[in-house]
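# Breakdown of the fold
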Amino acid sequence: MKVLEDSSLTNAGYGSSLSIDGDVECDASMMTSDGYFAAVAAMRCVYNPIVVVHRILNLQHHPPKDGRIPPSFLAGEGATRFAEEQGITLVESTTMVSENATKNFNKYSKIVQQHRGTKRKIEADTSDVSSVKQSADNQLEESSVMDTVGVICMDREGNLACALSSGGIALKHSGRVGQAALIGSGCWVEKNIAVATTGCGEQLMRTLLAKTVSDDLQAASGSCQPVDVFNQTMKSSFIDNPVLVKDDVKLAGAIVLYVNPESSSVELMWSHTTKSMCVSYMTAECTHPQSLVTRLASDKVSQVPFTSSFGLRFEK
């Protein structure tokens, strides 16, 4: 995960999308199959938010001897102060801004300014205002960066862990918290299932997508193919979910590692309603990571999910 956060190609850690104030504020979380969860949100001045999350997780495993209950979730200044107390180097927030993030910030800001300027000119005509707003929303959706980084791991004993890291949506409000920091909507892990999501955080929070996917797979265990259950969940519990009925565009993606409780076979699944999604995997038998990108036709985006899977060999 640190490697992904360090890359300017991802929207996590260095190179994250900028807030409306031009700052980098990061969300990250981690959950394990033994029931532990840790997260940070709206945290500044730390290159690798996932390292801070890991320190919180370790604190839960080894509570302080003073009797205080260790935290699960730290936000804002408190998260940054905790990182400093843990000996994690703080950096100037400006050093976390990449050239690409600045370019996107200027691009999106221009779209918003054009929208606001046009809206003021025709504010007397509400129908025109509505059409201008829709046009601006479409432009932002087409170019918006929502690439939350999600990682799922399984060790030789079959223990699962899931981690997420994200800089959030472009031009977000300062202090905004996305699904990457939230249990149930961003990540969910049980004994035989791990789920990590990406997309529009506000929609993922309202649908609790990560936990919903896990619940549906558990409920259908043995009766249906897991990939079919996953696809149906993306359709019925996200695209057709009543809580999103007023949302014209519904953007989500998820990766799932599913261990069949009967055969112990392992299946890697992914699904998305976005234009594209990049998936990479590596097993003990691989000498290099294997990567692929799947795409939806423009007229299918937000309308039907693309869902796929393949089996992975696992030996204890």
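The present account deals with the structure reproduced in this document. (Residues numbered from 1 in each chain as written. Predicted model: local features only at pLDDT ≥ 70, side-chain atom pairs only at ≥ 80, totals over all residues. Heavy atoms only, no water.)

Before going further, it helps to examine the pairing of strand β8 (residues 252-259). With eight of eight residues buried, β8 is to be regarded as a mostly interior element. With burial as the criterion, each face of β8 is covered, one bearing Ala252, Ala254, Val256 and Tyr258 and the other bearing Gly253, Ile255, Leu257 and Val259. Where strand β7 (residues 193-199) lies against β8, seven bridges are found, and the strand directions are antiparallel. Bridging across to β8, Thr198 finds its partner in Gly253. Bridge count between β8 and strand β9 (residues 266-272): seven bridges; the pairing is antiparallel. By the bridge assignment, Leu257 is partnered in β9 with Leu268. (Buried < 20%, exposed > 50% of the residue type's maximum accessible area, 1.4 Å probe, protein only. Helix = DSSP H or I, 4+ residues; strand = E, 2+ residues; numbered from the N terminus. Pairing = 2+ DSSP bridges.)

Phi at Ala42 is positive, roughly 50°, even though this residue is not glycine. Examined against the element boundaries, Ala42 turns out to sit in strand β2 (residues 37-43). A positive phi is found at Leu208, a non-glycine position, where the angle reads about 45°. By secondary structure assignment, the location of Leu208 is in the loop between α6 (201-207) and α7 (209-219). We classify Leu208 as partly exposed; its relative accessible area is 42%.

Within the open sheet, the five strands sit side by side as β3-β2-β1-β5-β4. Their pairing is mixed. Since the sheet does not close on itself, it has two edges, and those belong to β3 (73-75) and β4 (149-154), each with one partner. Ignoring strand direction, the axes of neighbouring strands in this sheet form an average angle of 5°. Direction of pairing for strand β1 (residues 26-32) relative to β2: antiparallel, over a ladder of five bridges. The partner of Cys26 across the bridge, within β2, is Met43. Strands in contact with helix α2 (residues 49-61) are β1, β2, β3 and β5 (160-166); relative to β2, the strand with the most contacts, it is inclined by about 140°. (Axes fitted to C-alpha atoms, helices over the stretch in contact; angles between N-to-C directions. Contact = heavy atoms within 4.5 Å.)

This part takes up the nonpolar core. By size, the foremost hydrophobic cluster in this structure holds 43 residues, and its most contacted members are Leu217 and Val256. In contact with Val256, not counting residues within four places along its chain, are Ile152, Ile193, Ala194, Val195, Val213, Leu217, Phe230, Glu267, Leu268 and Met269. With 17 residues, the next largest nonpolar core counts Met43, Ile50, Val53 and Phe82 among its residues. (Core = buried A, V, L, I, M, F, W, Y, C linked by side-chain atoms within 4.5 Å.)

Another aspect to go through is the sheet that holds strand β12 (residues 306-312). The antiparallel open sheet is built from five strands, whose spatial order is β6-β7-β8-β9-β12. Both edges of this open sheet fall to β6 (187-189) and β12, since each of them pairs with a single strand only. Direction aside, neighbouring strands of the sheet carry axes that sit 10° apart on average. The strands touched by α7 are β6, β7, β8 and β9; relative to β7, the strand with the most contacts, the crossing angle is about 145°.

Following the sequence through the fold, Thr274 ends up in the loop between β9 and β10 (276-281). For Thr274, the side chain forms a polar contact with the main-chain oxygen of Ser276, separated by 3.0 Å. Among all residues touching Thr274, those that are not within four sequence positions of it are Leu251, Ala252, Leu296 and Val301. (Polar contact = N/O pair within 3.5 Å; in protein donor to acceptor, adjacent residues only side chain to side chain.)

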